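# Overview (structure and organization)
Here is how the chains run, residue by residue.
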Amino acid sequence: MVTGWRFIAQRALPETIIDWEVPLTLSSNPKRSLSGPGSMTGTIEPEYARMVGPDGQPIIEDWNTKLYLEIEGHIRWGGIVTKTTFDGPKCTVNCEGFSSYAQGIPFEERIISGALITPKDPYAGKDKNHDGWVDGQKNKQRVPDPPKPYGGTRLDAYEVFRAIWRHVQTRPYGNIGLTIDSHKLGELLGATDGTDPWELAWWNHPDCGQALDGLAREIPFDWVENHAWADSGNTISHHITLGRPRLGRKRTDLRFADGENLAAIAKPEGMGDSFANEVFVLGKGEGQKMKRAQVHRYDGRLRRVATVTDKTLSSDRALRTRGEQELAGRTHALQIPAIQVIDHPNARLGSWQLGDDILVQAHVPWVGDVAVWHRIIADEISADGLVVLTLKRSDSFVY
């Protein structure tokens, strides 16, 4: 293991450090994911799991321990212990990022954006004989047309994202300490005229985690989870950074080149059976009333169609956006799915961010030397100091 590594255990509630040197051996590297929680798995041997903290509880306990990886004074990964299994003297510890906590938590309120509002008709019931005149006002005052319905208040997508997290963390024993960026995305949910409101209501049995994922996919936008020392004491902050609409930038200041700072390159891949230059999106509704959209990007190759079903989509814009996203991911050419990076002057450890676009320069058999822009969608750091970057072609994203 490289120097300066340690795993720190913290009680989930309240957040107090209970062990500064957890003897965890990694079995899967700590992974951070763009718009996802990430994960980490390790083992402890011998029977360290039977040790207890100052509070009398086991140091490593499901849903009662937060675990962090610190490297040279920086928190590089943080998560919640979600599962422990035991095999003789060995304990296997599974952790997931803080943002996974919302999965499985029911939403117990109602949020509606762009509701259809029908004003009360002040003349309703005042023409009992249906002659078109206000009762008692014949030949003096006709019954006017009722007020027209209109669209109600529309909420910014980030306001809703924060509202769902606020719901999760204000329930008893649910405050995991996550803070969320406070800015707005500039995308309002629901139709202006109220014909297609965006709604999250408890009677539809929504799952908070699924609602958050669906919201980020529908608009779309990026988010990433970060952890850091908040002061010189024992406090660790947990924050979700929101993109507007995406995170990261084009990194012309970093270099990722075969023979320089790339220790390994995953097998390049084309699309094969996944290729499609047309996407058929099926949304909300049933039968002939089902919402649908078709998008295409014909490029001279034979027509291939992919069908996507997402019952959360109802507006034409949402359907087309979903189709464009799917299409972008199915029409690109050669992609390098992952690279293993050495800590090198070309790109020092921690110099990139999730969401960054990087130029990958490598030699590909049967193709030759290639230089293709890819986006970093995940990273994993190993005990030997090497980092695996999971990549996706930059032109496969639509915002």
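Placed above this text is the structure.
Residues numbered from 1 in each chain as written. Predicted model: local features only at pLDDT ≥ 70, side-chain atom pairs only at ≥ 80, totals over all residues. Heavy atoms only, no water.

### Some remarks on helix 2 (residues 208-218)
Of all eleven residues in helix 2, eight are buried; the element is thus mostly enclosed. Every buried residue belonging to helix 2 is among Cys-208, Gly-209, Ala-211, Leu-212, Gly-214, Leu-215, Ala-216 and Glu-218, and all of these are buried. Along its buried surface, helix 2 packs onto helix 1 (157-169), strand 12 (198-201), strand 13 (223-229) and helix 3 (316-328). Two or three places before Gly-209, at the opening of helix 2, Asp-207 has a side-chain oxygen 2.9 Å from that residue's backbone nitrogen. (Buried < 20%, exposed > 50% of the residue type's maximum accessible area, 1.4 Å probe, protein only. Helix = DSSP H or I, 4+ residues; strand = E, 2+ residues; numbered from the N terminus. Contact = heavy atoms within 4.5 Å. Polar contact = N/O pair within 3.5 Å; in protein donor to acceptor, adjacent residues only side chain to side chain.)

### Quick look at the sheet that holds strand 13
With respect to topology, three strands assemble into an open sheet ordered 11-14-13, the strand pairing being mixed. Edge positions in the sheet fall to strand 11 (178-180) and strand 13, since each of these pairs with one other strand and no more. With direction set aside, neighbouring strand axes in the sheet form an average angle of 30°. Pairing between strand 13 and strand 14 (residues 236-242): seven bridges, direction antiparallel. Counted as the bridge partner of Glu-225 is Ile-240 from strand 14. (Pairing = 2+ DSSP bridges. Axes fitted to C-alpha atoms, helices over the stretch in contact; angles between N-to-C directions.)

### Concerning the packing of helix 1 against helix 2
Between helix 1 and helix 2, the shortest axis-to-axis distance is 10 Å and the interhelical angle comes to 165°. What the angle tells us is that helix 1 and helix 2 run roughly antiparallel. With respect to the hand of their crossing, helix 1 and helix 2 are arranged in left-handed fashion. Between helix 1 and helix 2, the contacting residues are Ala-157, Val-160, Phe-161, Ile-164, Trp-165, His-167 and Val-168 on the first element and Cys-208, Ala-211, Leu-212 and Leu-215 on the second. Taken together, the residues of the contact of helix 1 with helix 2 sort by class into ten nonpolar, one polar and no charged. (Parallel < 35°, antiparallel > 145°, perpendicular 65-115°, else oblique. Left-handed = near helix turned anticlockwise from the far one by under 90°. Nonpolar A, V, L, I, M, F, W, Y, C, P; charged D, E, K, R; others polar.)

### What to know about the sheet that holds strand 17 (residues 278-282)
In space, the three strands of this open sheet follow the order 18-17-19, with mixed pairing throughout. Across the chains shown, the open sheet's two edge strands, defined by having one partner strand only, are strand 18 (292-296) and strand 19 (305-309). Averaged over all pairs of adjacent strands, the angle between strand axes in this sheet comes to 15°, irrespective of strand direction. Here strand 17 runs beside strand 19; their pairing, made up of five bridges, is parallel. Within strand 19, the residue paired with Phe-280 across the bridge is Thr-307.

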